[in-house]
Amino acid sequence: MRDINLKDAINAVSDVVQNRPRPLRDFDQIYMKTGDMVLQSELVARWAKGKRLAFIGDGDAISVCVALLQARDIFDEGPDEITVFDFDERICSAIERFADYAGITRLTARLYNCAEALPSDVIGKFDCFYTNPPWGASNGGESVKAFMQRGLEVTGYAGEGLVVIADDHDRDWPQFVLAEAQKFALASDQYVQKMHSKMHLYHLDDAPELRSCNLFIRALPGDRATPISNPLEQDRLANFYGRGQPLTIRYVREKKRVDYGKAHDEEYSIESMEG
Ligand SMILES: C[S@@+](CC[C@H](N)C(=O)[O-])C[C@H]1O[C@@H](n2cnc3c(N)ncnc32)[C@H](O)[C@@H]1O
């Protein structure tokens, strides 16, 4: 890839950030900081060049950044096709509306809860997946494994994956979760290709210094049968979003269309000058 024009790239990512729904902390929507989004998008565009890329959850909107930067010719390469699977209708709708407004045809979104079996038409239909899942602090990484499993299923266990999870050497839980994620990859006929340690920061008020890493996994060589996707067992849903916060909901529904870049009516009132 040629050198990118940083100002154009930051301005494009700024357009994406304006379009993001406000994060729901209860479901671990905690957005990546903008500077890290620019660098992450470039990395993803290179990594998934010419591929069919699935995002398992994407509140950060890295998918939109990758597609937009390519459409605006700021990146000269990137994936051929991007589909986002997310259980939040606000996120799926915001992605589809933005793609429509920006004339991006390679980007689509589908409402999907990873607790449920994948629709059969997407199993094995992608070359690679990206996920930034709930980081599994209170469930030993089970939520990370659930999102990874769906990513592996859409690639038919025969592609590549980029898993973005917590990476902090001063806390114990991220190190255990990283080990669990790697064990899960190995047990799923994948190997860990590389890891970029402590790469990204988040708008996380109670732990602003907590970073995440990029964990790259890749399928071992060999032919595989198309996998069968099943719903997650009940015990895997416990403490999914934190202690005492199991995964029980199916979808977050959009109540009304919101223009996310503008103030909501409920946020302010107008006081006139007395004439
Ligand atoms: C869990 S958050 C992780 C933090 C990440 N930085 C973000 O905010 O996007 C990632 C995405 O997964 C989605 N998500 C959470 N639980 C899900 C579920 N059960 N099925 C599908 N998507 C889910 C959220 O809506 C969000 O967009």
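What counts as what
- Residues numbered from 1 in each chain as written.
- Predicted model: local features only at pLDDT ≥ 70, side-chain atom pairs only at ≥ 80, totals over all residues.
- Helix = DSSP H or I, 4+ residues; strand = E, 2+ residues; numbered from the N terminus.
- Rg over C-alpha atoms; globule rule 2.2 N^0.38 Å.
- Buried ≥ 20, exposed ≤ 12 C-beta atoms within 10 Å, placed from the backbone.
- Core = buried A, V, L, I, M, F, W, Y, C linked by C-beta atoms within 7 Å.
- Contact = placed C-beta atoms within 7 Å.
- Pairing = 2+ DSSP bridges.
- Axes fitted to C-alpha atoms, helices over the stretch in contact; angles between N-to-C directions.
- Parallel < 35°, antiparallel > 145°, perpendicular 65-115°, else oblique.
- Left-handed = near helix turned anticlockwise from the far one by under 90°.
- Nonpolar A, V, L, I, M, F, W, Y, C, P; charged D, E, K, R; others polar.
- Expected span 1.5 Å × (residues − 1).

Below, the discussion takes up the overall build of the protein. Along its length, the protein carries six helices and seven strands. Its C-alpha atoms give the protein a radius of gyration of 19 Å, near enough to 19 Å, the size a compact globule of 275 residues would have. A buried classification covers 41% of the 275 residues belonging to the protein.

Turning our attention to the nonpolar core. Within the largest apolar cluster, 69 residues are counted, with the highest numbers of intra-cluster contacts made by Val64, Cys65, Leu69, Ile95, Ile165 and Ala181. With seven residues, the top contributor of residues to this core is helix α3 (residues 62–71). Ignoring anything within four residues of it in the chain, the contact list for Cys65 reads Val13, Val16, Met37 and Ser41.

Turning our eyes to something else, we now look at the sheet that holds strand β4 (residues 128–131). Ordered in space as β3-β2-β1-β4-β5-β7-β6, the seven strands form an open sheet in which the pairing is mixed. In this open sheet, the two strands that pair with only one neighbour each are β3 (107–111) and β6 (190–200). Neighbouring strand axes in the sheet, compared pairwise and without regard to direction, differ in orientation by 20 degrees on average. Where β4 lies against strand β5 (residues 160–166), four bridges are found, and the strand directions are parallel.

Mapping Gly140 onto the fold places it in the loop between β4 and α5 (142–154). Look at Gly140 and you get partly exposed, because 14 C-beta atoms sit within 10 Å. Along the primary structure Gly140 and Ala181 are separated by 41 residues, whereas in three dimensions their C-alpha atoms are 9.6 Å apart.

Once that is clear, we can look at the packing of α5 against helix α6 (residues 173–187). Between two packed helices, what matters for the description is the angle formed by their axes and the separation of those axes. Where α5 meets α6, the closest approach of the two axes is 9 Å, and the angle between their N-to-C directions is 30 degrees. Taken together, the axes of α5 and α6 lie roughly parallel to each other. In this structure, the crossing between α5 and α6 has a hand that is right-handed. Here Val144, Lys145 and Met148 of α5 lie close against α6, whose contacting residues are Val177, Glu180, Ala181 and Phe184. Residues belonging to the contact of α5 with α6 are distributed by class as follows: five nonpolar, no polar and two charged.

So, about helix α4 (residues 89–101). Residue pairs spaced three or four apart in an α-helix point in one direction, given the helix's 3.6 residues per turn. With 13 residues, α4 should reach 18 Å at 1.5 Å per residue; the first-to-last C-alpha distance of 18 Å fits that figure. Within α4, burial applies to Arg90, Ile91, Cys92, Ala94, Ile95, Phe98 and Ala99. The elements touched by buried residues of α4 are α3, β2 (81–86) and β3. At the exit of α4 stands Gly103, carrying a positive phi of roughly 65 degrees.

On a regular strand, each side chain points to the face opposite its neighbour's, so the side chains alternate between the two faces of the sheet. In terms of strand pairing, β5 meets strand β7 (residues 212–219) through seven bridges, oriented antiparallel. Looking across to β7, one finds that Val163 is bridged to Leu215. The pairing of β6 with β7 spans seven bridges and is antiparallel. Across the sheet, His196 pairs through a bridge with Asn214, a residue of β7.

This paragraph deals with the environment of Pro231. For Pro231, the position within the fold is in the segment after β7. For Pro231, a count of 13 C-beta atoms within 10 Å puts it in the partly exposed group. Separated by 224 residues in sequence, Pro231 and Lys7 have C-alpha atoms that sit 44 Å apart. Aside from chain neighbours lying at most four places away, what touches Pro231 is Ala115, Glu116 and Ala117.

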